[in-house]
Amino acid sequence: MKYDPKSAYAEEFINDEEIRNCLEYSEKNKHNVELIDSILEKARQRKGLSHKEALVLLDCDIEEKNQEIFALAEQIKKDFYGNRIVMFAPLYLSNYCVNGCLYCPYHAKNKHIARKKLTQDEIRREVIALQDMGHKRLAL
């Protein structure tokens, strides 16, 4: 399937070949100081980073550059959000799960709960209810 980052279909924007190419690219460039500096300059200008550029910064293991990355990330966060904590309201779209995390009641081995997946109308109503409570950010 062709990679399309603007697609609304997961099968098109989550692409195994693209992921592998990005991992290879970041591994190859994690010590490329010139590229890292150009990505940091783009970030300083608040132009947004591509997933490939972000991965290069995440893969970088040059201590001096990591300190620069952390300082810039902190500055950008302060510029956007100020000195405050931003909260996300959780919205569970379903309680189906394939994992076995013991701390969570939704884990796959729990056969004692009814499973539910919200419809589009139920999701819409939940989002509106959270919005009416003053929430501006959701974690799905």
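The rules behind these values
- Residues numbered from 1 in each chain as written.
- Predicted model: local features only at pLDDT ≥ 70, side-chain atom pairs only at ≥ 80, totals over all residues.
- Heavy atoms only, no water.
- Helix = DSSP H or I, 4+ residues; strand = E, 2+ residues; numbered from the N terminus.
- Contact = heavy atoms within 4.5 Å.
- Polar contact = N/O pair within 3.5 Å; in protein donor to acceptor, adjacent residues only side chain to side chain.
- Buried < 20%, exposed > 50% of the residue type's maximum accessible area, 1.4 Å probe, protein only.
- Core = buried A, V, L, I, M, F, W, Y, C linked by side-chain atoms within 4.5 Å.
- Salt bridge = Lys/Arg side-chain N within 4 Å of Asp/Glu carboxyl O.
- Arc of directions from axis to C-beta.

Colleague: Honestly, the environment of Ser7 in this entry has me stumped. Any pointers?
Modeller: Structurally, the position occupied by Ser7 is in the segment before helix 1 (10–13). Not counting residues up to four positions away in its chain, the partners in contact with Ser7 are Glu12 and Phe13. A polar contact is formed between the side chain of Ser7 and the side chain of Glu12, at a distance of 2.5 Å.

Colleague: Could you clarify how one ought to interpret the environment of Glu12 in this entry?
Modeller: With respect to the helices and strands, Glu12 occurs in helix 1. With a relative accessible area of 25%, Glu12 lands in the partly exposed category. In the structure, Glu12 is positioned ten residues away from Lys2 in sequence and 6.2 Å away in space, judged by C-alpha atoms.

Colleague: Looking at this structure, I do not really get the nonpolar core. What am I missing?
Modeller: It is characteristic of soluble globular proteins that their nonpolar side chains tend to be buried jointly. Listed in full, the eleven residues of the largest apolar core are Leu35, Ile36, Ile39, Leu40, Ala43, Val56, Leu57, Cys60, Ile69, Leu72 and Ile76. Of all the secondary-structure elements, those providing two or more residues to this core are helix 3 (33–44), helix 4 (51–59) and helix 5 (63–81). Considering each element in turn, this core owes the most residues, five residues, to helix 3.

Colleague: I'm lost on the pattern of salt bridges in this one. Help?
Modeller: Think of it this way: side chains of opposite charge can pair up when their charged atoms draw near. The full count for this structure, using the stated rule, is eleven salt bridges. For Arg124, the salt bridge is made with Asp121, and the minimal N-O distance between the two is 2.6 Å. Residue Arg124 and its partner Asp121 are both found in helix 6 (residues 120–132); the two are separated by three residues, about one turn of the helix.

Colleague: For this particular structure, what's the right way to read helix 4?
Modeller: Given 3.6 residues per turn, any residue in an α-helix points the same way as the ones three and four places further on. Where helix 4 is concerned, the buried positions are Glu53, Val56 and Leu57. Looking down the long axis of helix 4, one finds its buried residues gathered within 95° of arc, a one-sided arrangement. In this structure, the buried residues of helix 4 make contact with helix 2 (16–29), helix 3 and helix 5.

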